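# Topology and contacts: notes
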Amino acid sequence: MKNVAPRRTVLFLGSALTLALTFAGVYLFFVTTRAGQILDQRAFLGARLGQRTVAPVTLSLLDALPIAGVVVALVITIAVTVVRHNWVVLTVAVSAAVLANVLTQLLKYIFLDRPNLDVPGYAFNSLPSGHTTLAASSAMVVFLVSSPRMRVVVAAAGALFSVLVGSATLANQWHRPSDVIAALLIVAFCGALAGVVLSWFRSGPPVRAGRVWRHALWWCAVPSTVFAVVVLTMSALRQVPTASTWPVAYLGGVAGITASALLLAAAAHRAFRSVP
């Protein structure tokens with residue numbers, strides 16, 4: 001057991017680096033290249049389908065859901081922390097959530113820019129999504145303070161909650177798909193940093209969670225990923241798309257958001273199996 005902490009630290013540091021590079025790749029392609037901007041904008045324009053179908057619900061949802069999610073997460077977090085007496089984990093988890101939200105605002109409004117590449121649409125930078133970061137970071141706190149056996153359930157619920165909020169911002173044409181995915185990556189990055197700290201304070205043998213939940217995460221993530229890749233590729237190959245093709249890109253964007261959330265949730269569960 002003496003080598004558990006160094007091994008877990010290397011794992012979390014490697015994960016953080018991978019997530020940071022992935023975030024950079026998402027930004028560089030979807031924001032700083034014309035091909036990326038066109039693909040993202042097609043999904044954004046296709047969100048008019050969402051405006052006609054779910055916007056009346058999602059507009060009120062976006063006003064209430066993130067804050068309600070924070071409140072629910074706070075109540076659950078305090079209850080679990082009192083029962084498990086894991087105040088160190090609570091401190092680290094809350095710090096990681098605050099860092100994720102601060103990073104999101106700094107990156108969006110100060111450090112990142114959206115160059116004008118003659119792609120129709122609003123020109124100011126909207127990456128990453130603040131609503132999605134708030135939702136996903138709240139779920140992350142509950143995930144971290146939960147017991148290893150319950151984390152897979154919390155990871156699945158948190159992923160679905162994040163997808164719901166992220167997709168709602170897309171349906172209301174507040175954000176593009178890349179904005180939401182970038183926010184998920186930021187929260188995952190901060191979660192990996194939390195894992196670096198926690199691996200030195202709390203470590204133990206890996207805990208195997210329920211097989212049904214573990215398999216459910218992967219069985220949902222893989223088809224979503226394949227669907228997103230296929231649909232977005234079809235959209236990208238159309239040089240002169242018509243308005244009727246925009247909803248296809250929109251559905252691909254939602255699938256991409258779903259796949260990203262589920263893949264990150266599955267990876268988080270696996271990474272934190274040895275952090276009690």
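Please read these numbers as outputs of a predicted model, since none were measured by experiment.

### A look at the packing of helix α6 (residues 130–145) against helix α8 (residues 177–201)
Packing of α6 against α8 brings their axes to within 9 Å, and their N-to-C directions diverge by 30 degrees. The orientation of α6 relative to α8 falls into the category roughly parallel. Like other packed secondary-structure pairs, α6 and α8 cross with a definite hand, here right-handed. Counting all contacts with α6, which are made through Thr132, Thr133, Ala136, Ser137, Met140 and Leu144, the residues of α8 involved are Val180, Ala183, Leu184, Val187, Cys190, Gly191, Ala194 and Leu198. Broken down by class, the residue content of the contact of α6 with α8 amounts to 10 nonpolar, four polar and no charged.

### Focus: the nonpolar core
With 59 residues, the main nonpolar core has Phe23, Leu127, Leu144, Leu198, Leu217 and Phe272 as its most contacted residues. Put simply, the parts of the chain that give this core at least two residues each are α1 (4–32), α5 (87–111), α6, α7 (151–171), α8, α9 (211–237) and α10 (246–271).

### A word on the confidence of the model for the chain
Taken as a whole, the chain shows an average pLDDT of 85; of its residues, 84% reach a score of 70 or greater. When pLDDT is averaged over each helix and strand of the chain, the minimum, 60, is found for helix α3 (residues 48–53) and the maximum, 95, for α5.

### As for unusual backbone geometry
In this structure, the amide linkage connecting Leu127 to the following residue, Pro128, adopts the cis form with an omega of 0 degrees. A positive phi is found at His85, a non-glycine position, where the angle reads about 55 degrees. Classification of His85 by relative accessible area gives exposed; the value is 60%. Although it is not a glycine, Gln173 adopts a positive phi angle of roughly 55 degrees. Considering the arrangement of structural elements, one finds Gln173 in the loop between α7 and α8.

Calculation criteria
- Residues numbered from 1 in each chain as written.
- Predicted model: local features only at pLDDT ≥ 70, side-chain atom pairs only at ≥ 80, totals over all residues.
- Heavy atoms only, no water.
- Axes fitted to C-alpha atoms, helices over the stretch in contact; angles between N-to-C directions.
- Helix = DSSP H or I, 4+ residues; strand = E, 2+ residues; numbered from the N terminus.
- Parallel < 35°, antiparallel > 145°, perpendicular 65-115°, else oblique.
- Left-handed = near helix turned anticlockwise from the far one by under 90°.
- Contact = heavy atoms within 4.5 Å.
- Nonpolar A, V, L, I, M, F, W, Y, C, P; charged D, E, K, R; others polar.
- Core = buried A, V, L, I, M, F, W, Y, C linked by side-chain atoms within 4.5 Å.
- Buried < 20%, exposed > 50% of the residue type's maximum accessible area, 1.4 Å probe, protein only.
- pLDDT = per-residue confidence, 0-100.

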